[in-house]
Amino acid sequence: MDKNILKIILQKEELFVPLIFTKKQFNILKKYSTNTKLSNAEKKSLYTSIKKKMEALNLFSREEKKGEYFINNPKEILPNRLTEAKKLISIYSKDYEKVFISGSFLFSRTYHDIDIFIIRKRGYKEKWDRNKHIIFITENKLTDPVFQSASLISVSNFIIPQKIKRKKPQLSELMTLYHEAVIEHIQKETKLESVRRLIFDYNLFCHNRLLNPKELKNKTSKIRLDEIDAMIKELCNTLFSKTYLYVEVHTYIKTLKESIKNIRLNIHLIRFKDTYEEMIYGQQRSKTEAA
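Residues numbered from 1 in each chain as written. Predicted model: local features only at pLDDT ≥ 70, side-chain atom pairs only at ≥ 80, totals over all residues. Heavy atoms only, no water.

> So what exactly am I meant to see when it comes to the packing of helix α8 (residues 171-186) against helix α11 (residues 225-239) here?
The axes of two packed helices give the description: the angle between them and the distance between them. Their axes nearest at 10 Å, the elements α8 and α11 cross at an angle of 175°. Taken together, the axes of α8 and α11 are roughly antiparallel relative to one another. Taking contact as the criterion, the partners of Leu171, Leu174, Tyr178, Ala181, Val182, His185 and Ile186 in α8 are, on α11, Leu225, Ile228, Asp229, Ile232, Leu235, Cys236 and Leu239. (Axes fitted to C-alpha atoms, helices over the stretch in contact; angles between N-to-C directions. Helix = DSSP H or I, 4+ residues; strand = E, 2+ residues; numbered from the N terminus. Parallel < 35°, antiparallel > 145°, perpendicular 65-115°, else oblique. Contact = heavy atoms within 4.5 Å.)

> When you look at helix α9 (residues 193-206) in this model, what are you seeing that I'm missing?
Side chains that are three or four residues apart share a direction in an α-helix, a result of its 3.6 residues per turn. In this model, α9 (14 residues) spans 20 Å end to end at C-alpha, consistent with the 20 Å of a helix rising 1.5 Å per residue. For α9, a buried count of eleven out of 14 residues is recorded, marking the element as mostly surrounded by other parts of the structure. Here the buried face of α9 lies against α7 (145-151), α8, α10 (213-222) and α11. In the stretch just after α9, Asn208 is the one whose phi turns positive, near 50°. (Expected span 1.5 Å × (residues − 1). Buried < 20%, exposed > 50% of the residue type's maximum accessible area, 1.4 Å probe, protein only.)

> Please explain the nonpolar core as it appears in this structure.
Generally speaking, nonpolar side chains in soluble globular proteins are found buried as a group. One finds Ile228, Cys236 and Tyr276 to be the most contacted residues of the largest nonpolar core, which totals 38 residues. Secondary-structure elements contributing two or more residues to this core are α8, α9, α11, α12 (242-262) and α13 (267-281). Setting aside residues no more than four positions away along its own chain, Ile228 makes contact with Tyr178, Ala181, Val182, His185, Val195, Leu198 and Ile223. Counting 17 residues, the second largest nonpolar core, distinct from the first, contains Ile89, Tyr92, Leu106 and Phe136. (Core = buried A, V, L, I, M, F, W, Y, C linked by side-chain atoms within 4.5 Å.)

> Looking at this model, I keep getting lost on the state of the cysteines. Mind explaining?
This structure, assessed with the given rule, holds zero disulfides. Residue Cys206 stays outside any disulfide, its sulfur separated by 8.9 Å from that of Cys236, the closest cysteine. Cys206 gets classed as buried once you look at its relative accessible area, which sits at 14%. (Disulfide = S-S within 2.5 Å.)

> Would you mind going over the sheet that holds strand β6 (residues 154-156) with me for this structure?
Hydrogen bonds between backbone atoms are what pair the strands of a sheet, whose relative direction is either parallel or antiparallel. Taken in spatial order, the six strands make up an open sheet running β1-β6-β2-β3-β5-β4, and their pairing is mixed. Both outer strands of the open sheet, β1 (70-72) and β4 (125-129), are each paired with one neighbouring strand and no more. Neighbour to neighbour, the strand axes of the sheet diverge by 20° on average, direction disregarded. (Pairing = 2+ DSSP bridges.)

No statement about biological role is implied by the geometric values presented.
Structure follows, in structure tokens:
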């Protein structure tokens, strides 16, 4: 959702209510702007009728012209990188109609590669050209939260549609992600990919917030193990019922206990067990209770 347009709407209520937005829709936009938790009914309204109106206003706000560049979150982009990004887009747009650049290249003094996204009609593909990471995606794929996040700090030659399609992860996927995130943290790995994804999903599903790449990078670098534990618990309790969690996790805890007895380097397994016990029982179980 375009923050500038949202700001104008909230400042000029009399111009938009009730001609474009109902009073109820306006109040939902106010709550959204302050990251206030929305009810299910409010979320439905936001991502259907309200979103369509916002997209229409976005199209009216600026006319897309060939050779024009569109910059999302310009205050986060380093001036020299903006110039370089425009040059790269100019080069790639000779062969491709829609191109945008995102990633740490735009906002970080140090970076490993340059993420270049190219929109095409069919298929997903990644390739490398030296330090250029080229990602081919479709218009539909652009609605994935990960790519919408990338576009929040970006330079493009087209207006990037602000459409997001969320897919609820399975419990097994989240548990695996949590396990890998803990191991990454314990081993002090350079690339905390699973930690990043867990933080991303936590903010998306628990707080209805799409982090931009800079926010995600900063949170990942500062995360503590106890925060990772807290995230998986809240994430699972948000997405699944208590009954389902109990049935699925209860048996797995028994497996963890057996593994802890048989594996010498088991600090990560003990953490998993403690976290899951707190998740389904409300606290870690004593030896008497667990018997």
